[in-house]
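Chain by chain, the residues:
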Number of protein chains: 2
Amino acid sequence: MALRLHPFDPLAPYEISKAASIVRPHFGAQDPNFRVITLQEPPKNQMILFLDKEHRNQPLGEAPRRCARVELVVVGSDNHNELFDLLVDLDNDKVIAKKHQKGKHSYIDADYMKQVENACLANREVQEQIRKLGLPSGSTVVVEAWAYATDGMNDMAQRVTMCWFYLRMFQNPDANYYAYPLDVCAEVSEQLVVTKVYRLPTRPDERIHMADRPFDRRKIHPKVMSEYHPGLRPSPRTTLKPYQVVQPEGPSFHVQGQHISWEKWGFRVGFNYREGLTLHDIRYDGRSLFYRLSLAEMFVPYGDPRAPYPRKAAFDLGNDGAGINANNLRLGCDCLGAIKYFDGWHNAASGKPLKLPNVICCHEQDDGILWKHTNFRTQNAVVTRSRILVLQTIITVSNYEYIFAFHFAQDASIFFEVRATGILSTVPHDVSYRQKVPYGTVVAPGVLAPYHQHLFSLRIDPAIDGQDNSLVIEESKSLPMGDPTVHNPFGVGYVTENRTVEEEGGFDLDLTKARVFKFVNESKINPITGTPVGFKLMPFPSQMLLSHPDSFHAKRSEFAKHAVWVTRYEDNELFPAGRYTMQSLGGDGIASGISKRRATGDAQTVRNQDIVIWHTFGSTHNPRIEDWPVMPNEKMMVGLKPVNFFSGNPGLDVPVSTQDMNKSVLYEDNNACNNACRHSRL
Amino acid sequence: MALRLHPFDPLAPYEISKAASIVRPHFGAQDPNFRVITLQEPPKNQMILFLDKEHRNQPLGEAPRRCARVELVVVGSDNHNELFDLLVDLDNDKVIAKKHQKGKHSYIDADYMKQVENACLANREVQEQIRKLGLPSGSTVVVEAWAYATDGMNDMAQRVTMCWFYLRMFQNPDANYYAYPLDVCAEVSEQLVVTKVYRLPTRPDERIHMADRPFDRRKIHPKVMSEYHPGLRPSPRTTLKPYQVVQPEGPSFHVQGQHISWEKWGFRVGFNYREGLTLHDIRYDGRSLFYRLSLAEMFVPYGDPRAPYPRKAAFDLGNDGAGINANNLRLGCDCLGAIKYFDGWHNAASGKPLKLPNVICCHEQDDGILWKHTNFRTQNAVVTRSRILVLQTIITVSNYEYIFAFHFAQDASIFFEVRATGILSTVPHDVSYRQKVPYGTVVAPGVLAPYHQHLFSLRIDPAIDGQDNSLVIEESKSLPMGDPTVHNPFGVGYVTENRTVEEEGGFDLDLTKARVFKFVNESKINPITGTPVGFKLMPFPSQMLLSHPDSFHAKRSEFAKHAVWVTRYEDNELFPAGRYTMQSLGGDGIASGISKRRATGDAQTVRNQDIVIWHTFGSTHNPRIEDWPVMPNEKMMVGLKPVNFFSGNPGLDVPVSTQDMNKSVLYEDNNACNNACRHSRL
C-alpha cells in the first residue's frame, strides 16, 4: 500500500488477511469461523493528540497502533460453539488479548441460517405437517429462519432458531411469500436438530396447537393485492416524466481516501460490519464538533402477545449487522446527481477479505431555501438555496429495509434521517375471524401484520470545541402572573431555565416545557451571547418501549426506556444494549452500566467531562394496509444544531440564488393542456 | 371572459371591479377605503352537489352564485373609522348583506402605516428625543410601525400603533437596521396624533422611563456581524458548484386554470388576501379526501415581560395577511426545475383590481426513495424514487419570512411544510449588562432578540370518501402483565385503543401513548382491514402558548391552547382566533365558539358529521446567535396520511428507478484532488 492509512480508516483488505493469519496459530488445528475482523479504533486519548497535531499541521510523529478486533467461533470439545474475542496488534504482528466469551453468541451467520432452513425442510415431521396442509400445486414452501428473542423458555447456552413458514404462490422467485404465511412453526437447535414442530395460533383466542389444519384456500388472492416486483405487476403508471440532477462542474465535495471536505465541513467516513456507516472527527470551519456519530443499535419488538411471537424481536445491529446487510447501491436508482460510492470490507469465514461494494454513497441535494429576506421598504429580496451533503447507506434485514442518511447543511447543522421501508413481517390469520385484532392489521386475506416498534439509538460523541462537554437541559417556562416578586404585569413573560446534568442517567422529552438537550463547552463562552458554546439535539419525539419492564424485551433493550442518555466516554462502549445481543438475557445495557458504576461507588460525573449522548427514537408501527405489500417510506429525522456556538448564521456567506446558476424553466400553460388532462374545465 | 369560472376560482379582476361598483352607491358621498374584495366561497351544501355532478361528468345545471365579500372603511361623522362588511351577489348585481362592524378593525393598512411613520418622525417630541440620542452622522432613523397587541391599557375603540425606532447605520437602503434598535418608543392614534413618547427599558430591572440617554457608541459594530445583503457583505464562499434540475420532457403536472392534476391527484388552487394559498376539493384517484386545506391563523407572541413589549404579538394572518404579504417569486431563486407560477388578485383602496404577481409556485421535486425492497434470496432489488408536487408561497411580515408549502406525494400523503426565516425582531439592550437575560439572547452589541413563539393553525376540512366523518383518537398501550384475564404471558403485548370523539373540543398530544388523531368515515369499511377508511394527522409536536390563561394573549389566541381541535363545519368559520383580530379583546375564538354553543344547549356532536380539524403547532423560538442577522430556515412539518383508506400502497404502481431515466454521474476520485483540497492526506 502506497498510502499510509489514517487511524480512523477501516481495515484495508491486506490488514484483514494479516489479522486472520496472526490469529489462526492461536487455535492450533481448529478451523476458526471468522465472524468479525474489524478495526479496533485507537484509544481516544491517543487520537486526540494525533488529531490535534493533524489539524495544526504539525509533525504527526508515531501514529496510534493499527489494531484489529477479531471475533471467531470454534467448535469445542463438547461439540458446542465457542466464541472468542481477540485484539490483534497489526503493527507488531501479535495477539494482545484473547477472551473466551462463554455463554455469548456471535451475530447471525447467514451460512448457518441457510443450513437451518435446509435442515428444517429435510425434517420428517416438518414434511408431514406440510403434507397435511395440502398446499396448492405450483406453490413452494419458504422457510424464514429468525434469531430467537429471549423469552425465558430456553436454555440460553446454545443458539435456538425460530423457523417461520411461508408460501411462494407463483414460480417467480421474487414472488412475495410474506403474502402467504403458513401456520407451521419449527424450532431448530444449534446442532441443526429440529426440536419442535407445532401449529401457530391464527385467532386472538387461539394458542399453539397440533391440530392438522389444511391450508385455507380462501386465502388465495389476486397478485395485484400482494406483489411488488415489476415482473408480477401490471404496467406501472406512465404519467411521471424524467427528472434529472445536472451538476455541470461536478459536485462541490472533495474526497481523499475516507476524508470528505465540503462547504467548510470536514470529516472521515468509517464503516464496519455492525454499525455500517460511521462518521469521525467532524469539524466545521476547522472547529471540532463531534468525535464520532453512529447509529448504535436498533430494536424491533413485536406486540403480538401470543406465544411464540414474543420471540420476534430483532436487534438489527447487534444480531444482524447494518454493515454486513448494507445494499450495493446503484447509480441512478438510490440517489441522483454526481455520486461518490464507498466500498466496505468485511471478511469471509476463512478470514479472507470480502468486498462489500457501494455500501455508502455521497452526493449533494438541493434542499429548498436556506434563508430569505425581503426588505419591505425597498422590495429587494435576497434568497439563498440550501445545498446539503448526504451520506447514505441502505440495509435489508430479511423483510425490512432501512435507509440511513446523515445530512450536512451549510448552516452547520447535521440531520440523521431514517426511512423505514420494505415488507411487513406477517403471521397467519383465520379468514373467518372478522373482528379487529387489537395488536395487528389484516393486510390481505389470512395475513395479519402485527404491531411492532422500531427503536433506534443514535450515539453522539460530542467534541464541542474540545472533549470536555456538559449536558444541559433547557426548559421554556411561563413566568407566574400576580406574584409580586416577579415582574410579569401582563402575564405574557416566559423564560428559559437551564439545568446542567451532573451524573450519568436517562431522561425523557417534555413537549409541554419545550425541553431541549444541549451539549455545551462550559469553558468556552460565546463573546457576544455570554453563554457557553454548544449544540442542541433536535430529537425525533417518540413513544418509548411498550413492553413491560419485567419482560425480557425491556431487560435486553434498556436504552429504549428513555429518549436521551448521557454517559461518561469509555473506549469500546459503543453499544447501548451490550456487545452480544444474540439471545442476551439483559443486564448488559446502558442502564445496567450506569447502575453498576453507581452501586460500586464509582458513579460517573458528566459535567465538564468527555461525555456521550445517546438518543432513543423510533416509531410505534401499527401497520396500515397502505404499507402493503411494500411500505412507502416512513421518515424519522433527528437534528444537531449549533446554539450560540458561532458568531452568527454560519450560512451567511452562501452565495445568493440566481437563475443564471440554477437555470429553471417557466411552465407555459398552453403546453399543459394535452390529451393527458383528466379533469375537464367548465 | 371566455371561460366560465369554477365556483372555487378566486375573483377575476373584472369581478373585483364589479363588486366595488355595486357597493359604492351604498355609501353615498363617502369614499370607501376598500380593504377586501374577495370571493365568498359558496355554501358547502351547494358545492357538494355541484362537485358531485362535476366528478360524475353529469350536466352541471346552475352553478352556485358568484358572490364577493367586501370589507371597507369609511370615515364616520365623528371622524372615526367605521368598518363595514358586505356580501355582494355578482350574478344579480346586488348587495345581499351589509353590516357595520362596530368596534372592530380591519387588518393592517400599509398606506396608513406609512402615514403613521411619517407623523411620528414629524412630531416635535420624537424629534427632540432623537436629537438627545446624538446619533452617529450618516445614520438614518427608521420607524417600524406595529399593530398594537391588546394589553388592556388602551381604549380598544380606536386603533393604536406602536412605533419602534431603529437606526440604519449606513447609507445603503438595504442595511440591516434591526442591528441598531433605539430605546425610543412612540404611540400614535387613529388620527395620526403622537400620544406618547418614552424611552424603553434596556435591562431586566429597568422600566419605561424618560431619561435623556444618549446613543451608546459601544453598540457600533462591524458590518460583517449584522449585514445580510450581498452589497454589504464580503465576497461569498466560492466552493459551491451549480446544481440544476432538468426535466427534458417538462413537468408531470397539468394545469387548467386553477385546477392541477398530477400523479392521480386533483385539486384546485385558491388564493385570498388573508390565508394566501388555499386548496380545494382534493382527490386522489378520483376519491374525495379533503374539501379544503388552509393555514388559518398564526400568532407570534413575544415573551419579554417588560412594558411595552407585551404589545408585541402578531396575528400574521388576521392582522397582516398571508396573501397580501406574499412574495413575488422569482424563477431560479425560490425553486428549481420547471415552475408554474400563479398570480393572485387583490384590490386597491379605490376598489380597482390589484395584481399580486407570482404569489404561488408549483413544481416537482425529487424526494429520495419512495420504497425499496431487496429480496435477500435472489439479491434482486426493486427501488422507486419519490416525486413530490410542491405548492409554495412565501410571505414577508416586516422582519420575518415564512415559507409555506404543501407537498403532495405519490403514496397519497400530503405534507404541510413551514420554514421560518428572515430577521429577528430586536430590542435595545444595555451593553454594560453582562448577565444572561432570561427571556432573550444578545445577538450583537446592544441588540437583544427576545424569546417568542410561532403558533400556527392548520385548518383541515376532511371529506374522507364523503362529508360525514368522525375524529378518532388512537392510543398504543401496553397490555398488563400478570393479569389473569389478559393474555400477555411474556409481557410484550400491546394494543391500540380507539376512542371516537362525540362532541366539539380541544385535545393534546401524548407521546407516551403514541396518540394518533384519525379522521374516518364510519360508514365506509375497508373490505380487507375491516375498519373504517381514514386519514391520520401526523402532528408537529410543539409546546402550546406560554402566556398565562388570564392574559390577553391567551384570550385572543384560544386555538393556541390545544394541539388538535374538532368543530362541526359551519360556512364562514375559517378563523380560529376570529375574523377581526386587530386589537381584539378575546372571546371570538374557537374555544369560545364551542363554549357558547354548549352553554346555549346547542352543543355540537361531531360523530358522523361534517367536521373540521384544526392543528395547532409551531415553535418556541428562543433565538440562537446563529439566527442572526438572517435566520437559517427552521423547518416544521405536518402530515396527512391514509390509514386503511386504500387497498394497499397507493404508490405501488410508480415505475422503478433506472439510470436510463435518471442519468446520474459517477464521481471519480482522481477528479477530486485539486488545489481546493484543504485537508492533506497522510
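Residues numbered from 1 in each chain as written. Chains lettered and ligands numbered in written order. Predicted model: local features only at pLDDT ≥ 70, side-chain atom pairs only at ≥ 80, totals over all residues. Heavy atoms only, no water.

1. Re the overall build of chain A
Argument step 1. Each helix and strand counted, chain A has 10 helices and 33 strands in total.
Argument step 2. Overall size of chain A, expressed as C-alpha extent along the three principal axes, is 80 × 80 × 65 Å.
Argument step 3. Residues classed as buried in chain A amount to 65% of the 682 residues present.
Argument step 4. When contacts within chain A are restricted to residue pairs at least 6 apart in sequence, long-range pairs at least 24 apart make up 67% of them.
Argument step 5. For chain A, the accessible surface area stands at approximately 23300 Å², while carbon and sulfur atoms represent 51% of it.
Argument step 6. Averaging the positions of the 76 positive and the 77 negative side-chain charges in chain A gives two centres separated by 3 Å. (Helix = DSSP H or I, 4+ residues; strand = E, 2+ residues; numbered from the N terminus. Buried < 20%, exposed > 50% of the residue type's maximum accessible area, 1.4 Å probe, protein only. Contact = heavy atoms within 4.5 Å. Areas by Shrake-Rupley, 256 points an atom, 1.4 Å probe, with all protein chains shown as cover. Lys, Arg positive; Asp, Glu negative; His and termini not counted. Charge placed at Lys NZ, Arg CZ, Asp CG, Glu CD.)

2. Concerning the pairing of strand 31 (residues 609-621) of chain B
Each regular strand displays side chains that alternate between the two surfaces of the sheet.
Residues and elements named next belong to chain B.
Argument step 1. Taken across its 13 residues, strand 31 has 12 buried, putting it largely inside the fold.
Argument step 2. Two strands pair when backbone bridges link them, and strand 24 (residues 452-462) and strand 31 are joined in this way by nine bridges, in the antiparallel orientation. Looking at the pairing, Ser-457 lines up with Thr-616 of strand 31.
Argument step 3. One ladder, built from five bridges, connects strand 30 (residues 564-568) with strand 31; its direction is antiparallel. Each bridged residue has a counterpart across the sheet, and for Val-566 the counterpart in strand 31 is Ile-613. (Pairing = 2+ DSSP bridges.)

3. Describing the relation of the copies chain A and chain B
Argument step 1. Each copy superposes on the other: chain A lies on chain B with an RMSD of 0.0 Å after a rotation of 180° and an axial shift of 0.0 Å. The transformation relating the two chain copies, once decomposed into turn and shift, fits a two-fold axis. Relative to the rotation axis, the closest C-alpha in chain A is found at Val-245 of chain A, a distance of 2.4 Å. (Least-squares fit on C-alpha atoms with pLDDT ≥ 70 in both.)

4. What to know about helix 8 (residues 590-599) of chain B
Residue and element names in this part refer to chain B.
Argument step 1. Listing the buried residues of helix 8 in full gives Ile-590, Ser-592, Gly-593, Ile-594 and Arg-597.
Argument step 2. Along its buried surface, helix 8 packs onto strand 27 (505-507), strand 30 and strand 31.
Argument step 3. Of the residues trailing helix 8, Gly-601 is marked for its positive phi of about 70°.

5. Some remarks on the interface of chain A and chain B
Argument step 1. Every contact between the two is made by 208 residues of chain A and, on the other side, 210 residues of chain B.
Argument step 2. A buried area of about 17900 Å², summed over both sides, lies between chain A and chain B, and 55% of it is on carbon and sulfur atoms.
Argument step 3. At the boundary of chain A and chain B, one finds 16 salt bridges.
Argument step 4. Across the pair Arg-377 of chain B and Glu-144 of chain A runs a salt bridge whose closest N-O atoms are separated by 2.7 Å. (Buried area = accessible area lost by both parts, 1.4 Å probe. Salt bridge = Lys/Arg side-chain N within 4 Å of Asp/Glu carboxyl O.)

6. Brief notes about the sheet that holds strand 3 (residues 81-89) of chain B
All names here are of chain B.
Argument step 1. The four strands lie next to each other as 1-2-3-4, forming an open sheet whose pairing is antiparallel. Taken across any chain shown, the strands that pair with only one partner, and hence form the sheet edges, are strand 1 (33-40) and strand 4 (94-100). Strand-to-strand twist across the sheet, computed as the mean angle between neighbouring axes with direction ignored, equals 20°.
Argument step 2. The pairing of strand 2 (residues 67-75) with strand 3 spans nine bridges and is classified as antiparallel. Within the sheet, the bridge partner assigned to Val-73 lies in strand 3 and is Leu-83. (Axes fitted to C-alpha atoms, helices over the stretch in contact; angles between N-to-C directions.)

7. What about the UniProt feature "modified residue: 2',4',5'-topaquinone" (unreviewed entry) in chain A?
Argument step 1. Under the UniProt annotation, the feature "modified residue: 2',4',5'-topaquinone" (unreviewed entry) is placed at Tyr-400 of chain A.
Argument step 2. Not counting residues within four places of it along the chain, the set of residues in contact with Tyr-400 of chain A comprises Tyr-302, Ile-395, Thr-421, Gly-422, Ile-423, Leu-424, Ser-425, His-452, His-454, His-621 and Met-631 of chain A. (UniProt positions renumbered as here; feature names shortened; annotations may be inferred.)

8. A closer look at the packing of aromatic side chains
Residues and elements named next belong to chain A.
Argument step 1. Counted according to the given criterion, the structure contains 59 aromatic pairs over all chains.
Argument step 2. Ring centres of Trp-265 and Tyr-284 lie 5.1 Å apart, and the angle between their planes is 80°; on these two criteria the pair is classed as edge-to-face. Note that Trp-265 is positioned in strand 12 (residues 265-272) and Tyr-284 in strand 13 (residues 276-284), a separation of 19 residues in sequence. Note on accessibility: Trp-265 and Tyr-284 belong to one class, buried.
Argument step 3. Look at Tyr-402 and Phe-456: their rings are 5.8 Å apart centre to centre, the planes differ by 85°, and that puts the pair in the edge-to-face class. Placement of Tyr-402 in strand 19 (residues 400-409) and of Phe-456 in strand 24 (residues 452-462) is noted, with a sequence separation of 54 residues between them. Note on accessibility: Tyr-402 and Phe-456 belong to one class, buried.
Argument step 4. Three or more aromatic residues link up through ring pairs in this structure, and these residues are Trp-265, Phe-267, Tyr-284, Phe-290, Phe-408, Phe-519, Phe-535, Phe-645 and Phe-646. (Phe/Tyr/Trp six-rings, centres within 6.5 Å; stacked < 30°, edge-to-face > 60°.)

9. Focus on the UniProt feature "active site" (unreviewed entry) in chain A
Residues and elements named next belong to chain A.
Argument step 1. Cross-referencing UniProt, the feature "active site" (unreviewed entry) maps to Asp-316 and Tyr-400 in the present numbering. A maximum C-alpha distance of 10.1 Å among these annotated residues, which run over 85 residues, shows that they cluster at one spot.
Argument step 2. When you line up the elements, Asp-316 lands in helix 6 (residues 316-320).
Argument step 3. You can call Asp-316 buried: its relative accessible area is 4%.
Argument step 4. When sequence neighbours within four positions are dropped, the list of residues in contact with Asp-316 reads Glu-297, Met-298, Val-300, Gly-321, Ala-322, Val-397 and Tyr-402.
Argument step 5. Its place among the elements puts Tyr-400 in strand 19.

10. Observations regarding the sheet that holds strand 8 (residues 194-199) of chain A
All names here are of chain A.
Argument step 1. Reading across from one edge, 5-6-7-8 is the order of the four strands in this open sheet, with antiparallel pairing throughout. Edge positions in the sheet fall to strand 5 (140-147) and strand 8, since each of these pairs with one other strand and no more. Sheet twist, expressed as the mean angle between neighbouring strand axes with direction ignored, is 25°.
Argument step 2. Taken together, the five bridges between strand 7 (residues 181-189) and strand 8 define a ladder with antiparallel strand orientation. If you follow Val-188 over to strand 8, its bridge partner there is Val-194.
Argument step 3. Lying on the sheet, helix 3 (residues 110-122) is in contact with strand 5, strand 6 (160-168), strand 7 and strand 8; it crosses strand 5 at an angle near 130°.
Argument step 4. Contacts between helix 4 (residues 124-133) and the sheet are confined to strand 5, strand 6, strand 7 and strand 8, with strand 8 contributing the most and set at about 15° to the helix.

11. Some remarks on the nonpolar core
Argument step 1. Counting 141 residues, the largest nonpolar core has Phe-165, Phe-290, Leu-391 and Phe-408 of chain A as the members making the most contacts within it.
Argument step 2. Examining the composition of this core, we find that seven residues originate from one element, strand 6 of chain A, more than from any other.
Argument step 3. The residues contacting Phe-408 of chain A, other than those within four sequence positions of it, are Trp-262, Trp-265, Phe-267, Leu-279, Ile-282, Arg-387, Ile-388, Leu-389, Leu-391, Ser-413 and Ile-414 of chain A.
Argument step 4. Trp-371 and Tyr-494 of chain A together with Val-160 and Val-606 of chain B belong to the second largest nonpolar core, which has 139 residues in total. (Core = buried A, V, L, I, M, F, W, Y, C linked by side-chain atoms within 4.5 Å.)

12. Re the environment of Arg-579 of chain A
Residue and element names in this part refer to chain A.
Argument step 1. Considering the arrangement of structural elements, one finds Arg-579 in the loop between strand 30 (564-568) and helix 8 (590-599).
Argument step 2. When the C-alpha atoms of Arg-579 and Gly-318 are compared, they prove to be 6.9 Å apart, with 261 residues separating the residues in sequence.
Argument step 3. Leaving out residues up to four positions away in the same chain, Arg-579 has contacts with Arg-69, Asp-85, Arg-274 and Asn-572.

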